[in-house]
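Close look at the chain arrangement
The residues making up each chain are set out below.
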Amino acid sequence: MGKRMFRSPVVRAGLACAVVVSMLALYWFQPWKLFTDTYVDEAIPGAGTTSATPTPASASPAPAASAATPTPAASAATPAANEILTAGEFVTHEHRTTGSAEIHRLADGRHQLVIRDLDTSNGPDLRVWLTDQPVIRGTAGWRVFDDGEWVELAKLKGNKGNQVYELPASVDPGDFRSVSIWCKRFAVSFGAADLTSA
């Protein structure tokens, strides 16, 4: 009787559907990622502040320049150093998340998002978003980040460690106030950090 049941076209079709559904579920949810980690340890740029070149107190006065010779402006400064503009600590949303985030302005004018000591769950389709939304603790803050303006910097490089993301030249970091580890597949934040002046 058992063999006859498996010969039935209805039973075979049902089994085929079950296999397809199981494969789609595995692809969609990727449950094995809950038990695996991806570590990243990228070099973090040093940060300082802009400073003018000091004039030594013992220096003799410079000779007066002739009217025909242009002199550099007295306020001329050395090239700007790397500078941290904003920073914040990650809070947990759907998955426990710790670490910190910083927006750096580099000496050459570029901007980078630096994530330090990230520790969150691995997951399907995780992205790094800058957003204009405030970080809300608890379940109320899980899904707010696609309600306003946001920019996707890249796929998350790893769920643990230090990592650096380049901001496009068209992005003004002053327009954004938070960073989210965003699961694009399920439209939910794993964790997020408010970015405030450093």
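Definitions and limits used
Residues numbered from 1 in each chain as written. Predicted model: local features only at pLDDT ≥ 70, side-chain atom pairs only at ≥ 80, totals over all residues. Heavy atoms only, no water. Helix = DSSP H or I, 4+ residues; strand = E, 2+ residues; numbered from the N terminus. Buried < 20%, exposed > 50% of the residue type's maximum accessible area, 1.4 Å probe, protein only. Contact = heavy atoms within 4.5 Å. Areas by Shrake-Rupley, 256 points an atom, 1.4 Å probe, with all protein chains shown as cover. Phe/Tyr/Trp six-rings, centres within 6.5 Å; stacked < 30°, edge-to-face > 60°. Salt bridge = Lys/Arg side-chain N within 4 Å of Asp/Glu carboxyl O. Core = buried A, V, L, I, M, F, W, Y, C linked by side-chain atoms within 4.5 Å. pLDDT = per-residue confidence, 0-100. Pairing = 2+ DSSP bridges.

As for the overall build of the protein chain
Counting its secondary structure elements, the protein chain contains two helices and 10 strands. Buried residues in the protein chain amount to 34% of all 198 residues. In the protein chain, once contacts between residues fewer than 6 apart in sequence are set aside, the share between residues at least 24 apart is 68%. As displayed, the protein chain has an accessible area near 12000 Å², and 59% of this comes from carbon and sulfur atoms.

Remarks on the packing of aromatic side chains
Following the criterion strictly, the structure yields three aromatic pairs and no others. Ring geometry for Trp129 against Trp182: centres 4.7 Å apart, planes inclined by 20°, an arrangement best described as stacked. One end of the pair, Trp129, is in strand S5 (residues 126-131); the other, Trp182, is in strand S8 (residues 178-183), and 53 residues separate them in sequence. Neither Trp129 nor Trp182 differs from the other in exposure class; each is buried. Between Phe145 and Trp182, the aromatic rings sit 6.3 Å apart at their centres with planes inclined by 85°, giving edge-to-face as the arrangement. Taken together, the residues span a long stretch of sequence, with Phe145 in the loop between S5 and strand S6 (150-155) and Trp182 in strand S8 at a distance of 37 residues. By the burial criterion, Phe145 is buried, and Trp182 matches it. What links up through ring pairs into an aromatic cluster is the set Trp129, Phe145, Trp150 and Trp182.

Some points on the pattern of salt bridges
Per the stated rule, a full pass over the model turns up nine salt bridges. The partner of Glu166 in a salt bridge is Arg110, and the shortest N-O contact between them spans 2.7 Å. With Glu166 in strand S7 (residues 160-166) and Arg110 in the loop between strand S3 (98-105) and strand S4 (111-119), this pair connects stretches of sequence that are 56 residues apart. Taking relative accessible area as the criterion, Glu166 reaches 36% and is therefore assigned partly exposed. The salt bridge involving Arg127 is made with Asp125; its shortest N-O contact spans 2.6 Å. A relative accessible area of 12% means that Arg127 is categorised as buried. The class for Asp125 is partly exposed, based on a relative accessible area of 22%. The network of salt bridges with common partners includes Asp125, Arg127, Glu152 and Lys184.

So, the nonpolar core
Taken as a class, soluble globular proteins show a tendency for nonpolar side chains to be buried jointly. Leu113, Val128, Leu130 and Val179 are the most contacted members of the largest nonpolar core, which totals 23 residues. Setting aside anything within four residues of it in sequence, one finds Leu113 in contact with Ala101, Glu102, Ile103, Val128, Leu153, Gln163, Val164, Tyr165, Leu167 and Val179.

Quick word on the confidence of the model for the protein chain
Across the protein chain, the average pLDDT comes to 81, with 66% of residues at 70 or higher. Note that pLDDT drops below 50 for residues 21-28; the model gives that stretch seven contacts with residues more than four away or on any other chain. This stretch, residues 49-79, has a pLDDT under 50; its non-local contacts, to residues over four places away or in other chains, come to 11 contacts.

Considering the environment of Phe186
Tracing the chain through its elements places Phe186 in the loop between S8 and strand S9 (188-194). The exposure class assigned to Phe186 is partly exposed, which follows from its relative accessible area of 28%. For the pair Phe186 and Asp125, spaced 61 residues apart in sequence, the C-alpha to C-alpha distance is 8.7 Å.

Remarks on the pairing of S4
Pairing analysis gives seven bridges linking S3 to S4, with the strands arranged antiparallel. Counterpart to Arg105 in the pairing with S4 is His111. Two successive antiparallel strands, S3 and S4, enclose a turn made up of five residues, where Gly109 displays a positive phi of approximately 95°. Of the strand pairs in this sheet, S4 and S7 are connected by six bridges, and their pairing is antiparallel. Its bridge partner being in S7, Leu118 is matched across the sheet by Gly161.

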